[in-house]
2 protein chains.
Amino acid sequence: MHIAVLGATGVVGQEILSVLEQRDFPVTSLAPLASARSAGRSVTFRGKRVEVKPAGPESFNGIDLVLASAGATVTRELAPFIRKSGAILIDNSSAFRMDPETPLVVPEVNGDAVARHNGIIANPNCVAIILTVAIAPIHRAVGIRRIVVSTYQSASGAGLAAMQELQSQTKDVLEGRAATPKALPHQIAFNVFSHNAVVGPDGYNGEEAKVMAETRKILADPDLAITATCVRVPVLRAHTESINLSLKQPLSPERARTLLAEAAGVEIVDEREQNRFPMPTIASGRDVVSVGRIRRDLSQPEGLGLELFVCGDQLRKGAALNAVQIAEVLVGVRQPTGH
Amino acid sequence: MHIAVLGATGVVGQEILSVLEQRDFPVTSLAPLASARSAGRSVTFRGKRVEVKPAGPESFNGIDLVLASAGATVTRELAPFIRKSGAILIDNSSAFRMDPETPLVVPEVNGDAVARHNGIIANPNCVAIILTVAIAPIHRAVGIRRIVVSTYQSASGAGLAAMQELQSQTKDVLEGRAATPKALPHQIAFNVFSHNAVVGPDGYNGEEAKVMAETRKILADPDLAITATCVRVPVLRAHTESINLSLKQPLSPERARTLLAEAAGVEIVDEREQNRFPMPTIASGRDVVSVGRIRRDLSQPEGLGLELFVCGDQLRKGAALNAVQIAEVLVGVRQPTGH
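Because the structure is predicted, anything quoted here is derived from the model rather than measured. The residue numbering used here restarts from 1 in each chain and proceeds along that chain's sequence as written. All chains are assigned letters beginning at A, and all ligands numbers beginning at 1, according to the order in which they are written. At least 70 in pLDDT is required for a residue's local features to be given in this predicted model, at least 80 for side-chain atom pairs to be given and counted, and no such filter applies to totals for whole chains, interfaces and linings, which use all residues. Just so you know, side-chain values use all the structure's heavy atoms and leave hydrogens and water out.

Q: How do you make sense of the interface of chain B and chain A when you look at a structure like this?
A: It is common to give the size of an interface as the accessible area that goes away when the parts come together. Every contact between the two is made by 60 residues of chain B and, on the other side, 60 residues of chain A. In total, chain B and chain A occlude about 4,700 Å² of area from one another, counting both sides; carbon and sulfur atoms represent 56% of this. Ranking the residues of chain B by area buried against chain A places Tyr 152, Phe 190 and Asn 275 of chain B at the top, with a combined share of 13%. For this analysis, a salt bridge means a side-chain nitrogen from Lys or Arg found within 4 Å of a carboxyl oxygen belonging to Asp or Glu. Across the chain B-chain A interface, the total number found is six salt bridges. Residues Glu 208 of chain B and Arg 295 of chain A are paired through a salt bridge, measuring 3.9 Å at the closest nitrogen-oxygen approach. Its residues assigned to classes, the side of chain B that touches chain A comprises 26 nonpolar, 23 polar and 11 charged. Whether two residues are in contact is decided by their heavy atoms: any pair within 4.5 Å suffices. The quantity reported as buried area is the accessible area (1.4 Å probe) lost by two parts once they are put together, taken as the sum for both. Under this grouping Gly is polar, as are all residues other than the nonpolar Ala, Val, Leu, Ile, Met, Phe, Trp, Tyr, Cys and Pro and the charged Asp, Glu, Lys and Arg.

Q: Before we go on, may I ask you to explain the packing of aromatic side chains in this structure?
A: When we look at a pair of aromatic rings, we describe it by the centre distance and by the angle of the planes. Under the pairing criterion, centres of Phe, Tyr and Trp rings, with the six-membered ring standing for Trp, must be within 6.5 Å; the plane angle then separates stacked pairs below 30 degrees from edge-to-face pairs above 60, leaving the rest tilted. Under the criterion given, the structure shown has three aromatic pairs over all chains. Here the aromatic rings of Tyr 152 of chain A and Tyr 152 of chain B are separated by 4.2 Å at their centres, their planes lie at 25 degrees, and the arrangement is stacked. In this pair, Tyr 152 of chain A is assigned in strand β9 (residues 144-152) and Tyr 152 of chain B in strand β9 (residues 144-152), connecting two distinct chains. Only protein chains enter the accessibility calculation, which uses a 1.4 Å probe; a residue whose area is less than 20% of its type maximum is buried, one above 50% is exposed, and one in between is partly exposed. Judged by relative accessible area, which is 0%, Tyr 152 of chain A ranks as buried. Pairing Tyr 152 of chain B with Phe 309 of chain B gives two aromatic rings, centres 6.1 Å apart and planes at 75 degrees, and the pair type is edge-to-face. Of the two residues, Tyr 152 of chain B sits in strand β9 while Phe 309 of chain B sits in strand β16 (residues 305-313), which places them 157 residues apart along the sequence. Counting from the N terminus, the helices are the DSSP runs of H or I reaching at least four residues and the strands are the DSSP runs of E reaching at least two.

Q: Would you explain helix α7 (residues 253-262) of chain A in this entry?
A: Residue and element names in this part refer to chain A. For α7, the set of buried residues is Pro 253, Ala 256, Leu 259 and Leu 260. One side of α7 carries all its buried residues, which in axial view fall inside an arc of 120 degrees. Away from its buried face, by an angle of more than 90 degrees, α7 presents the exposed residues Glu 254, Ala 261 and Glu 262. Contacts made by the buried residues of α7 are with α4 (126-142), β14 (266-268), β15 (289-296) and β16 (305-313). Note that the arc is computed from the directions linking the helix axis to the C-beta atoms.

Next comes the structure, spelled out in structure tokens:
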């Protein structure tokens, strides 16, 4: 296939190139695209340097598939040209995620939705991907009535500059210099803060609103009750989530563990005696979502409440890997799963 | 008053000495006590160096008040001698917290319980103190049915060695060396992990079990439903908490904000337009508990669900300050509040 990667110089774009290589995706030609700022730069793919071209209306002629990780505004502008060229767009931005015509896909959860695309398939928000991989097996088995999720989100979700800021600012603070936030609004070194997305009139920030709406759409359950609190922590590239579930029908923690152990894309890390549970040092750079702390929620009637603690790599399963897995379903090298 | 500080060389003991000074507590004489390991060390109090003595059965003769921050085992061993000397024990360990004869006190919440002491008053777990300061005004007004809390806990809760480990290990990781956990069981630099307390057969760890039981006792509500997930983050000395409440009677976020703004020990940090909410860089080294992200929980019926995001200094309000405030109620320089 003739592939374009839009936003190829960004941290997710770079990860998409790695994942395409590692999974031996059938790439006939590669066109790395970025904004004019990246003009003259090149990327390495399968050992060869490929020049990055500025993305524009003419960039998509002869392209079969666009893997996009640009901002929502840029993607909205370019989408009509991608459509006109006949290419299919797998988009990592929020531009089309809630469009009723556009499937929002986590292959392990609703891979069958890929077939209903109309030229665009949306890649969900990173927290929503990691969340739904972990809870879909439980939702399928007994139904989830309500979700309360609090996150521990890495700097990578705010891009390469935020990752570099975490490192350089931490060095500054350790050496007694003042922290000077630039990419992020507050000090990230040795601090945690409420996610930097704009806060709406209902008090939820944009990140939380995405997690809540997208989780409902991915699980195809518009009535699902969900509340999220999204928080940045000084971690480089893996998101952790504390998940509290209210179930429609009873499920024991033991049965939940069995369901999760059998689930695609999940690894159980639940070693109570060693006190070893999902954490960024386990999940970073890996493809699976780690799930642990699987226990009955003692604040709910027996069988109807469940606690989970989950961690996944934000750049891989939370972004690049999920996009490439969608492409694999599209080209038929991956079996679709579904509701 | 003749005061003994047990565990005077520890990080909480040191903070107790600072708080006694800063609040001009009526100290006639000070006896800093510690284990034999600290023999020969001294502490500074009101500009004078005072020698640390090893704690033993004879240490409490002539003492009126013992402010203890030693381990639960040591405190249990010494308590009979403290009692025999006639001194009152304000204990920061978990030894007596759930003893029905021992009041467990957060002065802003149940200061009146101090009067019911029988020689010992227990200082609660740090997460429970910060939690109850923030939710007691709401509990008093409308009743809380259920609490789901996830924490972002600092290294200070694990002592001075853990704080030093966070700093030295972070330097190691930044400079490309391997992280070698000693004081904490897992890498704390650029990582988060489930709290290191021993995990019980129900899947909750010891820290979570304390938070749940102590919150019920402080609020004098044995039927309160509560579940906690306690997590360590790479932060030095302030604990952050994401709190989801289910209420018995309706309460608007606006009314909750008013109640909290009027509450003792609370400061509102809820600047939606500036995206500025409670965080360790705001709360560290300060006495108040910062409360923000006050919003309706959209996953519950209107008025019956509330979200809060809270941060407090673990060493001050979470430990030393609360202990000294209990002493202030005891000696009458602080008015007791109560249920």
